[in-house]
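Chain by chain, the residues run as shown.
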Amino acid sequence: MRKNTFFIVLFLIFSLGIYAQEKIHGLAVIAEFDDFQYEASDAAIDSLLNQKSGYNKSDNVGSLYEYFKDQTNGKYEVTHTIVRIRFNKNMSYFRNSTGKNPDTNKPWDWGQAFADSVILKVQEKYPDGIPGLTRYKGKPDNGIASWLVLVPFGYSAYGVHSAIPFKSGNEYIPMNHIGLCDIGKGLDYMVRIMAHESSHAIFRLPDVGYQKGDNLSIKGSAGSFCMMGWNAGSKNAPIDYCAPILLTLKTAEVIDISSDFKGEISIKSNARDTLYRYVNRRNPKEYFVIQALNHSKWYPTHNVAGHPMDIGLAIWHVVEDDKAPMSPWFRLVQADGIDLMNDTSTKPPVATGNDNRVLFGKKVKSVNGRINPMLSWLDGSIPSLNITDISAPGAIMNFKVGDYCLLYTSPSP
């Protein structure tokens, strides 16, 4: 009986899809004009988006498919149907003096208005629709999970939506969260912009730039250390998701540590399968997440602005938001204790660690709330967390965890 019960449980696990990959199939539209046509073929764009492994054209380190599969630890497979449309007009046609979209007579913005024109053109070319498109499972829109428009005019936009539905199979799907992506005009095409815009659409991930100190209403502070940040990645290589974003995806195992932990912790750099967390005992929604960063496939040596990307142990301060679970408040605890990531007075902002003061392990080997004011809870209290013996940056990093209170305990009389 026990043997039969085991197999029944095993069957239920697999039938419920707990270990199954989530397959998402979206639409990518190549938009052309009388005065502009892409040099790349549909097959070349298909490889850029959908090649299963080894994509390396134009110095890309992988395809869009590879990026999502790697970032989600193999949990998500994202592919796109490639279609090409052409407006029998020059691009200047859409920059008319009335400030209205000539196709829909709506205010022009190169975002929403242009997306409407694209939808109308795709419907004209495919009156029976395009089958097999995956719908976003969340509320309120339930539209197509990934809708990309490849455009040549140096513009990237997310969140535009349309009242014009699009047919897929036997149903009409609302068009929401459309990403307009400039992937380059010649034979060099970038995955980076598409990875950012698709991450918005597929997972509803937020932009993470300056967060203005402790203002919880302004979400995220990752700078260049996350695909959802500004100047993220190199010209043709997206950068990893940061640890707080990985937590929202729930694709990694989370190991909770405490200040009474004994021994040394070893952590793989750029790991997307395991994350280490130290939780505020008074507020389980607030915690520090620890990860190691090293130059690798999705972690370039320089960002797109040419600034060096620091390597070492990263400690993220995170506060979850029940109303916006995919958009927690967070910031990077910097090794020098100064929140340079949110200091707009520096030009450029020192958010990439080009002075070797951001991440731990190079110069700073220990951290607790007494020696680093950024390692404190939002209410100002200091956690008992004391991290010491941080190893030098590398493929594996080691550190020890203890209780800083023990360091200041007065000896018994």
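The structure we're discussing is the one just above.
Every chain's residues receive numbers from 1 upward, in the order its sequence appears when written. Given that this is a predicted model, residues contribute local features only at a pLDDT of at least 70 and side-chain atom pairs are listed and counted only at 80 or more, while totals for whole chains, interfaces and linings are drawn from all residues. Excluding hydrogens and water, the side-chain figures rest on all heavy atoms present in the structure.

Caption draft 1: Molecular detail of the sheet that holds strand 8 (residues 274-280). If DSSP finds at least two bridges between two strands, the strands pair. Numbered from the N terminus, helices here are DSSP runs of H or I no shorter than four residues, and strands are runs of E no shorter than two. Read from one edge to the other, the open sheet built from five strands follows the order 6-8-9-10-11, with strand pairing classed as mixed. Bordering the open sheet on either side are strand 6 (253-256) and strand 11 (329-333), each of which pairs with just one other strand. Direction aside, neighbouring strands of the sheet carry axes that sit 30° apart on average. Across five bridges, strand 10 (residues 312-319) lies against strand 11 in antiparallel orientation. Considered in strand 11, the bridge of valine 318 is made with phenylalanine 330. Note on method: axes are straight lines fitted to C-alpha atoms, helices fitted across the in-contact stretch only, with angles between N-to-C directions ranging 0 to 180 degrees.

Caption draft 2: Main features of helix 2 (residues 42-50). Buried means the residue's accessible area, taken with a 1.4 Å probe over protein chains only, is under 20% of the maximum for its type, while exposed means over 50%, and partly exposed covers the values in between. Along helix 2, the residues that are buried comprise Ile45, Leu48, Leu49 and Asn50. Down the axis of helix 2, the sector holding all buried residues measures 160°, keeping them to one side. Note on definitions: a residue-residue contact is assigned when non-hydrogen atoms from the two residues lie within 4.5 Å. Structurally, helix 2 contributes buried residues whose contacts are with strand 1 (22-33), helix 3 (64-71), strand 2 (76-87), strand 3 (147-150) and helix 5 (192-203). Of all possible arcs, the one meant is that of the directions from the helix axis to the C-beta atoms.

Caption draft 3: Fine view of helix 5. For a helix, the expected span equals 1.5 Å multiplied by the number of residues minus one. End to end, helix 5 covers 16 Å across 12 residues, agreeing with the expected 16 Å (1.5 Å per residue, within 8%). Helix 5 sits mainly inside the fold: 12 of its 12 residues count as buried. Within helix 5, the full set of buried residues consists of Arg192, Ile193, Met194, Ala195, His196, Glu197, Ser198, Ser199, His200, Ala201, Ile202 and Phe203.

Caption draft 4: Structural view of the sheet that holds strand 7 (residues 264-268). Spatial ordering of the open sheet is given by 7-14-13-12, a layout of four strands whose pairing is antiparallel. Looking at the sheet topology across the chains shown, the edges are occupied by strand 7 and strand 12 (367-368). Examined bridge by bridge, strand 12 and strand 13 (residues 385-388) share two bridges and lie antiparallel to one another. When the sheet's bridge partners are listed, valine 367 is paired in strand 13 with isoleucine 387.

Caption draft 5: Here's a closer look at the layout of surface pockets. Using protein atoms alone on a 1 Å grid, points that fit a 1.4 Å probe yet trap it form a cavity, whereas open point sets bounded by protein on both sides within 12 Å along at least five of seven lines form a pocket; residues with an atom within 4 Å of a point count as lining. Grid points are joined across faces, edges and corners, and a volume is the space filled by probe spheres set on the points. Each pocket or cavity is described by its volume, and for the largest pocket that value is around 660 Å³. Around the largest pocket, the lining is made up of 30 residues, and of these Thr248, Leu249, Lys250, Pro325 and Met326 lie nearest the centre. Going through the elements one at a time, strand 1, helix 5, helix 6 (243-249) and strand 8 are the ones with two or more residues in the lining of the largest pocket. The element contributing the most residues to the lining of the largest pocket is helix 6, with five residues. Under the scheme applied, nonpolar residues are Ala, Val, Leu, Ile, Met, Phe, Trp, Tyr, Cys and Pro; charged residues are Asp, Glu, Lys and Arg; polar residues are all the others, including Gly. Classifying every residue of the lining of the largest pocket gives 18 nonpolar, three polar and nine charged. Estimates place the volume of the second largest pocket at around 150 Å³. Arg192, Ile193, His196, Met227 and Gly229 are, among the 12 residues lining the second largest pocket, the residues nearest its centre. Within the lining of the second largest pocket, the residues separate by chemical class into five nonpolar, four polar and three charged.

Caption draft 6: Geometry of the packing of aromatic side chains. Each pair of aromatic rings taken from Phe, Tyr and Trp, with Trp reduced to its six-membered ring, is defined by centres within 6.5 Å and is described as stacked if the planes are under 30 degrees apart, edge-to-face if over 60, and tilted in the remaining cases. Evaluated as defined, the whole model comprises 13 aromatic pairs. Ring geometry for tyrosine 67 versus tryptophan 298: centroids 5.0 Å apart, planes at 85°, classification edge-to-face. Residue tyrosine 67 is located in helix 3, and its partner tryptophan 298 is located in the loop between strand 9 (283-293) and strand 10; the two are separated by 231 residues in the primary sequence. Relative accessible area serves as the criterion here: at 0%, tyrosine 67 is assigned to the buried category. For tryptophan 298, a relative accessible area of 1% translates into the label buried. Each ring, one from tyrosine 76 and one from phenylalanine 203, has its centre 4.9 Å from the other, and the planes form 90°; the classification is edge-to-face. Taken together, the residues span a long stretch of sequence, with tyrosine 76 in strand 2 and phenylalanine 203 in helix 5 at a distance of 127 residues. Judged by relative accessible area, which is 6%, phenylalanine 203 ranks as buried. Taken together, the aromatic side chains of Tyr67, Phe68, Tyr76, Phe203, Tyr241 and Trp298 make up a single cluster linked through ring pairs. One Lys or Arg, arginine 277, reaches over the ring of tyrosine 287 and ends 5.2 Å from the middle of that ring. Only when the NZ of Lys or the CZ of Arg is both within 6 Å of the ring centre and within 35 degrees of the ring normal is a charge said to sit over the ring.

Caption draft 7: Structural view of unusual backbone geometry. Within the chain, asparagine 73 stands out as a residue other than glycine whose phi angle is a positive 55°. For arginine 204, which is not glycine, the phi dihedral falls at a positive 60°. The exposure class of arginine 204 is buried, given its relative accessible area of 16%.

Caption draft 8: Quick look at the side chain of threonine 134. Residue placement: threonine 134 occurs in the loop between helix 4 (112-125) and strand 3. Residue threonine 134 is classed as buried on the basis of its relative accessible area of 19%. Polar side-chain contacts of threonine 134 include one of 2.8 Å to the backbone nitrogen of histidine 25. Residues within four places of threonine 134 in sequence aside, it is in contact with Lys23, Ile24, His25, Gly143, Ile144 and Ala145. Definition of a polar contact: a pair of N or O atoms within 3.5 Å, with one able to donate and the other able to accept a hydrogen when the atoms are protein atoms, and with sequence-neighbouring residues admitted only if both atoms are side-chain atoms.

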